[in-house]
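Observations on the three-dimensional arrangement
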Amino acid sequence: MIRPPRRPLPRALAAAGLGLAAAAHADEAPRAPDFGLCRAGAFIDGHVDGLPTDGDRASATTEITARALTALRAGEYELTGDAEARRADQRLAAQRLRYASEAQTAKAEGDVRYQDRGLLAAAERADADLAKDVTTLESTHYQLLGSRTDGTPARGNGVAAKARIEGGDGKQVTHLEDVTFSTCDPGDRDWEISAREMTLDQASGEGTARGMRLRFKDTTLLALPYASFPIDDRRRSGFLLPSIGGGNNGGFDLTVPYYLNLAPNYDATLTPRIVSDRGFMAGGEFRWLTERQRGEASATYMPNDREADRSRFSYSLRHSASLNPNFYVVSDLNRVSDPRYFEDFGDGLTAAATSLLPSSAYLHGRGAWWNLAFGGDDIEVTDPRIGAAAEPYRRLPRFTAELDYPLADFVRVGLRGEAVAFDKDDYLDDAGARVDVVTGQRYDVTPFVAFPLERAFGYVRPEFAFRETRYTLDGARDDSPSRGTPVSSLDAGLFFDRPTTLFSTALRQTLEPRLYYLRVPYRDQRELPLFDTQELTFSFAQLFRPNRFTGADRQMDANQLTLALSTRLLDDTDGNQLLRASLGRIQYFDDRRVDLATLFCPDRNDILSGCLRNPLPGPVGSPTFGGPADSASAWAAEIELRPSDRWRLAVSQYYDGDDRRTDLSSVRIQHQFGERGVANLAYRFRRDLLEQVDASTAFPLTERTRLVARWNWSLKDERTLEALAGVEFGDCCYAFRVLGRHYVRNVQGDTANAIFLELELKGLGSLGRRSEDFLRRAILGYR
């Protein structure tokens, strides 16, 4: 029989198109394109249903059928009239097949068709030299079948005026003339790649093309006289598709990345970028992956920002390494040139709101009952409103330990400890006077013993601890202050449940009362500095914490009892949670005397003294814990309702019963409709700080068109924080998106406008400014 053309021919054509976007990075899993709008069963002529999808071709027998068989001469035969040959998953059909056994040649003419598990092809003529393993096809149409490596259906079809496939000696080289490729339906090709000549080498995994063009709707988007690209999963160096954007905060913005395949386990990407109003920015990324470690380093540098009249830069290093089963290293180092970097080069409101940029590096150890960490932290201020006085301290070095050992069935002993050095540069105040900053070391140790009793119906967890904190300070009146205090707590809860029904649905309702008593005697801590301590934001979870402060500089005094009640509704068939509601409050038996006041600060809000870290203006801490003499905290209530997969409601309410006012409130409702529709409405309120309404939607107009919009309005400031509107259009093999955006770009409240234009050629890549990740952040539930 005629040796059919091997599958790599059209698959290589598909890879050739994808090669323009370069190979995906080794550790990334690209999102599979959505071809749901393509016609089902859209095949080129000659497709046959029911062929096997597996089987060993080498051992399979070949079945040949035809209306007539003619022996032309010795060893030469001709089959005519619906001639067909089948072997395993392969099928070859033509009006006439001629085979010469001695010369090892074969010819097929007249409506030539070939199909296997991965390929459907049609040609006017096929010639094969079986001895040399060379096959030539003329006027070929092809289409990919089967599945991709990620399990999604294969897409791709095209034509070639002539194809020559050379095999043997382990090689597989295909030469193509006047070839095209597209993932559109056959006969409805909105975009395609074409080339005058193309050579595909399966052995090396590389293809080359001359006279290559990328066309969309009869418009040439890209033309290359010569191109080299990968045709399989092996990565190759080359240009990635460019990113194009613009706005009134920089003008036209163009990035053209170049990918460098340096080795199987490490690579790099160069990202030259032109911002028309600012200048040229060089950028790059280097990534590595080994059996025990992985990491990523990136940097950008603009030698002369014409708008800012200075150089700008950023760098980032993320690295993790496993040393052995118990120890590993994690580092995350970040730096920018100035506090306005994110405002000028970030992607809008989220980046502009980045006030602090943390860096850390730690060696971690862990075991069945212990956790250790040794390293350090540094935080860079990226908010121009924050002066040097409020800049956070460096914690370097820092050592932490957590030990929790089961001594017996109902006895656990342990220790929570930290040793850390705090450092910070001296600075000049507003009057130009030098401020000497207090620095030093802090040692905090809390040994404890617990007697937990756990049962299916409930639990009792008494714990007794003693917290000892000591300092060695430079620049303080008392260079070695200390604090020691016992911390005792009792945490108890019960679980009740009962079967019930609602709208003929079998449910199970739980009732979960919880009690938490905390006793911590008062210790005067005004002699202690404030290195890394602030008051936590009040929440339902805070009802059950032994300290309302972060860090070890303050341990609150307490004689208090938390009473809370939670209930849940569960689907009795699958266990899905339909409703959760919780209500709780702290009852105080003594006045609370510990706060953030310190003898280093005459006024607790005097951040210029350098002893109180409260980077943003406004009240220190959260008012919802109540005043020092209040008899109770605010009521904390949370409700989460999810009656179906398409509806979700979440409510958080913190109400001060003594002052009869709401301290904090948030309401969020989401509805998902159709296959791609979602609508969100949210309200956020925090007394004296913010009050906002946030509405967003992705609303399908037709099967192919969808509106996207978001409006974030500040009721307190009576202004728009962010507004965007746009339209998405998707067809079988392409999609485009256009967005207009107005947003607050910095903490001063200055606004900016931007336009996003993006064209996605499915199966190939996107041209324009990437906006999908941005929409996922802006519209909850967007997909």
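Residues numbered from 1 in each chain as written. Predicted model: local features only at pLDDT ≥ 70, side-chain atom pairs only at ≥ 80, totals over all residues. Heavy atoms only, no water.

**Focus: the overall build of the protein chain**
Along the protein chain, the regular secondary structure elements total four helices and 46 strands. A buried classification covers 44% of the 783 residues belonging to the protein chain. The long-range fraction of contacts in the protein chain, counting pairs at least 24 apart against all pairs at least 6 apart in sequence, stands at 52%. In the structure as shown, the protein chain presents an accessible area of about 38,700 Å², 53% of it carried by carbon and sulfur atoms. (Helix = DSSP H or I, 4+ residues; strand = E, 2+ residues; numbered from the N terminus. Buried < 20%, exposed > 50% of the residue type's maximum accessible area, 1.4 Å probe, protein only. Contact = heavy atoms within 4.5 Å. Areas by Shrake-Rupley, 256 points an atom, 1.4 Å probe, with all protein chains shown as cover.)

**Points about the side chain of Gln 670**
Tracing the sequence through the fold places Gln 670 in strand E39 (residues 661-673). Judged by relative accessible area, Gln 670 falls into the buried class, the value being 6%. A distance of 3.0 Å separates a polar atom in the side chain of Gln 670 from a polar atom in the side chain of Asn 680. In this structure the side chain of Gln 670 is engaged in a polar contact, spanning 3.2 Å, whose partner is the backbone oxygen of Leu 780. Each residue touching Gln 670, except ones within four places of it in the same chain, is listed here: Arg 646, Trp 647, Arg 648, Val 678, Ala 679, Asn 680, Leu 780 and Gly 781. (Polar contact = N/O pair within 3.5 Å; in protein donor to acceptor, adjacent residues only side chain to side chain.)

**Topic: the nonpolar core**
Membership of the largest hydrophobic core comes to 39 residues, with the highest contact counts inside it found for Val 112, Leu 176, Trp 191, Met 198, Met 212, Tyr 734 and Leu 761. The element best represented in this core is strand E10 (residues 191-201), accounting for five residues. Discounting chain neighbours no more than four positions away, the residues touching Tyr 734 are Asp 190, Trp 191, Phe 216, Lys 217, Phe 729, Leu 759, Glu 760, Leu 761 and Lys 762. (Core = buried A, V, L, I, M, F, W, Y, C linked by side-chain atoms within 4.5 Å.)

**Some words on unusual backbone geometry**
One can expect most non-glycine residues to show negative phi and most peptide bonds to be in trans. Note the cis peptide between Leu 396 and Pro 397, where omega equals -5°. By secondary structure assignment, the location of Pro 397 is in strand E25 (residues 394-408). Notably, Asp 309 is not glycine yet its phi reads approximately 60°, a positive angle. Secondary-structure assignment places Asp 309 in the loop between strand E20 (293-305) and strand E21 (310-324). Positive phi values are uncommon outside glycine, yet Asp 688 reaches one of about 70°. Tracing the chain through its elements places Asp 688 in the loop between strand E40 (677-686) and strand E41 (690-700). With a relative accessible area of 57%, Asp 688 lands in the exposed category.

**Some words on the pattern of salt bridges**
On inspection of all chains with the given rule, the structure shows 56 salt bridges. A salt bridge links Glu 463 to Arg 416; the shortest N-O distance between them is 3.2 Å. Residue Glu 463 is found in strand E31 (residues 458-474), and its partner Arg 416 is found in strand E26 (residues 411-423); the two are separated by 47 residues along the sequence. Given a relative accessible area of 22%, Glu 463 falls into the partly exposed group. Among the residues examined, Arg 416 registers a relative accessible area of 34% and is labelled partly exposed. In this structure, a network of salt bridges that share partners links the residues Asp 377, Arg 395, Arg 398, Glu 418, Arg 442, Asp 532 and Asp 553. (Salt bridge = Lys/Arg side-chain N within 4 Å of Asp/Glu carboxyl O.)

**Regarding the pairing of strand E29 (residues 439-450)**
In this sheet, E29 lies alongside E26 in antiparallel orientation, the contact comprising 11 bridges. Looking across to E29, one finds that Arg 412 is bridged to Ala 450. With 10 bridges joining them, E29 and E31 adopt antiparallel strand pairing. From the neighbouring strand, Tyr 443 faces E31, where its bridge partner is Arg 470. (Pairing = 2+ DSSP bridges.)

**Let's talk about the state of the cysteines**
For the coordinates displayed, the defined rule picks out one disulfide. Here Cys 184 pairs with Cys 733 through a disulfide, and the sulfurs are 1.9 Å apart. Between Cys 184 and Cys 733, the S-S torsion sits near 75°, and that sign places the bridge as right-handed. One end of the pair, Cys 184, is in the loop between strand E9 (173-181) and E10; the other, Cys 733, is in the loop between strand E43 (719-730) and strand E44 (734-744), with 549 residues separating them in the sequence. Exposure class is identical for Cys 184 and Cys 733. Each is buried. (Disulfide = S-S within 2.5 Å.)

**Details of the confidence of the model for the protein chain**
In low-pLDDT regions, the fine details of the predicted coordinates are not to be read closely. With 86% of its residues at a pLDDT of 70 or more, the protein chain has an overall mean of 83. Within the model, pLDDT remains below 50 along residues 1-30, and this stretch shows 99 contacts once partners closer than five positions in the same chain are excluded. Across residues 601-622, confidence stays below pLDDT 50; counting only partners more than four residues off in sequence or on other chains, it has 58 contacts. (pLDDT = per-residue confidence, 0-100.)

**Focus on the environment of Trp 369**
Its location among the elements puts Trp 369 in the loop between strand E23 (356-366) and strand E24 (370-381). The partly exposed category is assigned to Trp 369, whose relative accessible area is 38%. Between the C-alpha atom of Trp 369 and that of Pro 406, which follows or precedes it by 37 residues, the distance is 8.1 Å. Those residues within four positions of Trp 369 in sequence are excluded, and the remaining contacts are Glu 402, Leu 403, Asp 404 and Tyr 405.

**Quick notes on the pairing of strand E7 (residues 134-144)**
Burial runs high along E7: eight of the 11 residues are buried. Where strand E6 (residues 119-129) meets E7, nine bridges bridge the pair, whose relative direction is antiparallel. Among the inter-strand pairings, Asp 127 is bridged to a residue of E7, identified as Thr 136.

**Focus on the packing of aromatic side chains**
Counted by the stated rule, this structure contains 23 aromatic pairs. Relative to Phe 531, the ring of Tyr 393 lies with its centre 4.9 Å away and its plane at 80°, an arrangement referred to as edge-to-face. One end of the pair, Tyr 393, is in the loop between E24 and E25; the other, Phe 531, is in the loop between strand E34 (505-520) and strand E35 (558-571), with 138 residues separating them in the sequence. For the pair shown, Tyr 393 and Phe 531 are each scored as buried. Every member of this aromatic cluster is reached through a ring pair, and the members are Phe 216, Phe 729, Tyr 734 and Phe 736. (Phe/Tyr/Trp six-rings, centres within 6.5 Å; stacked < 30°, edge-to-face > 60°.)

**Re a nonpolar patch on the surface**
Together, Leu 323, Phe 327, Leu 363, Phe 374 and Phe 399 make up a nonpolar patch on the protein surface, roughly 440 Å² of accessible area in all. Mapped onto the elements, Leu 363 comes out in strand E23. Leu 363 sits in the partly exposed class, given a relative accessible area of 35%. (Patch = residues over 30% accessible without salt bridge, like charges linked within 9 Å, V, L, I, M, F, W, Y side chains within 5 Å.)

**Re the environment of Asp 553**
Examined against the element boundaries, Asp 553 turns out to sit in the loop between E34 and E35. Judged by its relative accessible area of 0%, Asp 553 falls in the buried class. On a C-alpha basis, the gap between Asp 553 and Arg 442 in space is 8.7 Å, while along the polypeptide they are 111 residues apart. Sequence-distant contacts of Asp 553, defined by excluding residues within four places in its chain, comprise Arg 442, Tyr 471, Arg 483, Gln 525, Leu 528, Pro 529, Leu 530, Phe 531, Asp 532 and Thr 533. A distance of 3.1 Å separates a polar atom in the side chain of Asp 553 from the backbone nitrogen of Asp 532.

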